[in-house]
Amino acid sequence: MQHMMYGFGDDANPLPETVALVEDIVVEYVTDLAHKAQEMGSKRGKLSVEDFLFLIRKDPPKLNRCTELLSMQEELKQARKAFEVDEEKLASTE
């Protein structure tokens, strides 16, 4: 948490009380978001990424960042898949 705070412009060595407070706030936010998403998902029988995206739909910066990260995740998945196929072809030619 301390490194994240520094990355967002805080002091390199913030007070331990400040780090604990920010951590408590973040944990509470994430827990609350997960519970709300679980409530939504339980109506359909399963929890999905769309449940989280729906909950943050009114916060454009968060929604854009989540969408960007999901897109990058998909790109990495495709790259790994292509790399595995290339390795298999290389192994079969030897």
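Please refer to the structure placed before this passage.
Description of the structure in this document. Small disclaimer: the values here were computed from a predicted structure and weren't measured. (Residues numbered from 1 in each chain as written. Predicted model: local features only at pLDDT ≥ 70, side-chain atom pairs only at ≥ 80, totals over all residues. Heavy atoms only, no water.)

1. Focus: the overall build of the chain
1) Next: The helix and strand inventory of the chain stands at 4 helices and 0 strands.
2) Next: The N-to-C order of helical and strand elements in the chain reads α-α-α-α.
3) Next: For the C-alpha atoms alone, the extent of the chain along its principal axes is close to 60 × 45 × 20 Å.
4) Next: Of the roughly 8,000 Å² of accessible surface on the chain, 60% is carried by carbon and sulfur atoms. (Helix = DSSP H or I, 4+ residues; strand = E, 2+ residues; numbered from the N terminus. Areas by Shrake-Rupley, 256 points an atom, 1.4 Å probe, with all protein chains shown as cover.)

2. Brief notes about the side chain of Asp-51
1) Next: Here Asp-51 is to be found in helix α3 (residues 49–55).
2) Next: Since its relative accessible area comes to 2%, Asp-51 is described here as buried.
3) Next: One polar contact links the side chain of Asp-51 to the main-chain amide nitrogen of Ser-48, over a distance of 2.9 Å.
4) Next: Setting aside residues up to four positions removed in sequence, Asp-51 forms contacts with Ala-37, Met-40, Gly-41, Arg-44 and Lys-46. (Buried < 20%, exposed > 50% of the residue type's maximum accessible area, 1.4 Å probe, protein only. Polar contact = N/O pair within 3.5 Å; in protein donor to acceptor, adjacent residues only side chain to side chain. Contact = heavy atoms within 4.5 Å.)

3. Brief notes about the pattern of salt bridges
Charged atoms that come close allow side chains of opposite charge to pair.
1) Next: Tallied over the full model, the rule gives 5 salt bridges.
2) Next: A salt bridge links Arg-65 to Glu-68; the shortest N-O distance between them is 3.5 Å. Residue Arg-65 and its partner Glu-68 are located together in helix α4 (residues 60–93), separated by 3 residues, close to a single helical turn.
3) Next: Lys-77 serves as the salt-bridge partner of Glu-74, at 3.9 Å between the closest nitrogen and oxygen. In this pair, Glu-74 and Lys-77 both sit in helix α4, 3 residues apart, roughly one turn of the helix.
4) Next: Residue Lys-77 is classed as partly exposed on the basis of its relative accessible area, which comes to 46%. (Salt bridge = Lys/Arg side-chain N within 4 Å of Asp/Glu carboxyl O.)

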